[in-house]
Amino acid sequence: MKFYFTCCVFAFYTVQLCAQNVIDFEGFNLESESFLNGADESGGFSVGAVFLPNDYNPDFGSWTGWAISNTTDVTTPGFMNQFSAFPGSGLDGSAHYAVAFSYSENIMNFTGEAAGQPISGMYITNSTYAYLSMQEGDAFAKRFGGITGNDPDFFLLTIKAYSDGVLSADSVDFYLADFRFADNSQDYIVDEWTFVDLSTLGAADSLSFQLTSSDVGQFGMNTPAYFCVDNIFATELVSSTTSFNSPTLFEVFPNPTTNYVQIKHSAKESVDCTIFNMEGKLVLRQTLGIDGGRIDVQFLPKGSYLIHLQGDHIRLARMFLKY
């Protein structure tokens, strides 16, 4: 499998060198097994360079948008358990994470220097409420797969970027559940924190999250419209001005990989190659030749990594997965 990243650059183009900024939710001072659902009517939650809008209705005690939680209930079905992530904690056992709920569009805003810059990705999983509803069915929603297990059900999260107020045509699709396989043994409901690569969306002032499901009734989607987010990887950019005259190709393969990655580029110069893990830590640096080179990654733990190329005529980044 090959992944290609092509960037057309012209004279006096502003180039960008990337560094990772990991945004989590551990800074919230929550008691154990509790949540923030916007009842203070503040309108949302600020986390570093991220703002998560919240709309709370005091008349009904209801909310839409985002909440912050550390609840761990992975067994209780139904609406009364709407704030728990199905893995039972945040990423890697951390306490706090964000919960999204909306039957229309959820928005994640970026502020300060992060506004208008690329987002590398984030970890996403199902809420307990949505997971158990899809697994077993409930009073409002069907059991995914149906009685026979053959129903081609799905629960899809579509992510797009807003830049200067304009919603991009490009999108990233992440299936929170997928039962469309001919072989039912391949059907799944996401039950762990999964990294979703958003680097292809480019610069973003905000992100749009939209849920769709195969289970639709008279009043719209029946599947509970919840998902959970942790560890957002924002790309901090340092800009400089140079003059480029030709398109630059950046190719990384095999991807996923187990032993090595082969890198090809068309910058026709030696480049500095750096690899960062999903905590933003530099794990490898190597100089590549005028056409690219091969990098040994056998020693790296399994997971997702961000690889950067930097030279006089290239500043590009791409994700790869180490098995």
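Here, every reference points to the structure presented above.
Described below are features of the structure shown in this document.

What counts, and where the lines are drawn
For every chain, the first residue of its written sequence is number 1, and the numbers climb from 1 along that sequence. Owing to the predicted nature of the model, reporting of local features is limited to residues with pLDDT of at least 70; listing and counting of side-chain atom pairs is limited to 80 or more, with chain, interface and lining totals taken over all residues. Hydrogens and water are ignored here; the side-chain numbers use all heavy atoms of the structure. Stacked, edge-to-face and tilted are the three classes for Phe, Tyr and Trp ring pairs, Trp counted by its six-membered ring, which pair at centre distances within 6.5 Å; planes under 30 degrees apart are stacked, over 60 edge-to-face, the rest tilted. Secondary structure counts use DSSP, requiring at least four H or I residues in a row for a helix and at least two E residues in a row for a strand, with both numbered from the N terminus. Categorising residues by exposure relies on relative accessible area from a 1.4 Å probe, with only protein chains included: less than 20% of the type maximum marks a residue as buried, more than 50% marks it as exposed, and the intermediate range marks it as partly exposed. Definition used: whenever NZ (Lys) or CZ (Arg) falls within 6 Å of the ring centre and also within 35 degrees of the ring normal, the charge is taken to sit over that ring. By the criterion applied in these results, polar contacts are pairs of N or O atoms within 3.5 Å in which, for protein atoms, one can donate a hydrogen and the other can accept it, and in which residues neighboring in sequence qualify only through two side-chain atoms. Here, two residues are considered to be in contact whenever any of their heavy atoms come within 4.5 Å of each other.

A short note on the packing of aromatic side chains
Each aromatic ring pair is characterised by the separation of its centres together with the angle its planes make.
Here comes step 1: Counted by the stated rule, this structure contains 21 aromatic pairs.
Here comes step 2: Ring geometry for Phe-35 against Phe-83: centres 3.8 Å apart, planes inclined by 10°, an arrangement best described as stacked. Note that Phe-35 is positioned in strand β3 (residues 35-36) and Phe-83 in the loop between β6 (62-69) and β7 (97-101), a separation of 48 residues in sequence.
Here comes step 3: Judged by relative accessible area, Phe-35 falls into the partly exposed class, the value being 36%.
Here comes step 4: Consider the rings of Phe-79 and Tyr-129, whose centres lie 6.4 Å apart with planes at 75°: the pair is edge-to-face. Separated by 50 residues along the polypeptide, Phe-79 in the loop between β6 and β7 and Tyr-129 in helix α1 (residues 128-136) bring together distant segments of the chain.
Here comes step 5: Aromatic rings pair up to connect Phe-35, Trp-63, Phe-79, Phe-83, Phe-101, Tyr-103, Tyr-129 and Tyr-226 into one cluster.
Here comes step 6: When the ring centre of Tyr-260 is taken as reference, the NZ or CZ atom of Arg-294 above it lies at 3.7 Å.

Observations concerning the side chain of Thr-158
Here comes step 1: Along the chain, Thr-158 falls in strand β10 (residues 154-163).
Here comes step 2: On the basis of relative accessible area, Thr-158 is assigned to the buried category, the value being 17%.
Here comes step 3: There is a polar contact of 2.9 Å between the side chain of Thr-158 and the side chain of Asp-173.
Here comes step 4: Non-local contacts of Thr-158, meaning those with residues more than four positions away in its chain, are made with Ser-171, Val-172, Asp-173, Ser-208, Phe-209 and Gln-210.

What to know about the environment of Ser-206
Here comes step 1: Checked against the element boundaries, Ser-206 lands in strand β16 (residues 206-213).
Here comes step 2: Put simply, Ser-206 and Ala-161 are 45 residues apart on the chain and 6.0 Å apart in space, counted from C-alpha to C-alpha.
Here comes step 3: Non-local contacts of Ser-206, meaning those with residues more than four positions away in its chain, are made with Ile-107, Met-108, Asn-109, Phe-110, Lys-160, Ala-161 and Tyr-162.

Read these as spatial facts, not as claims about activity.
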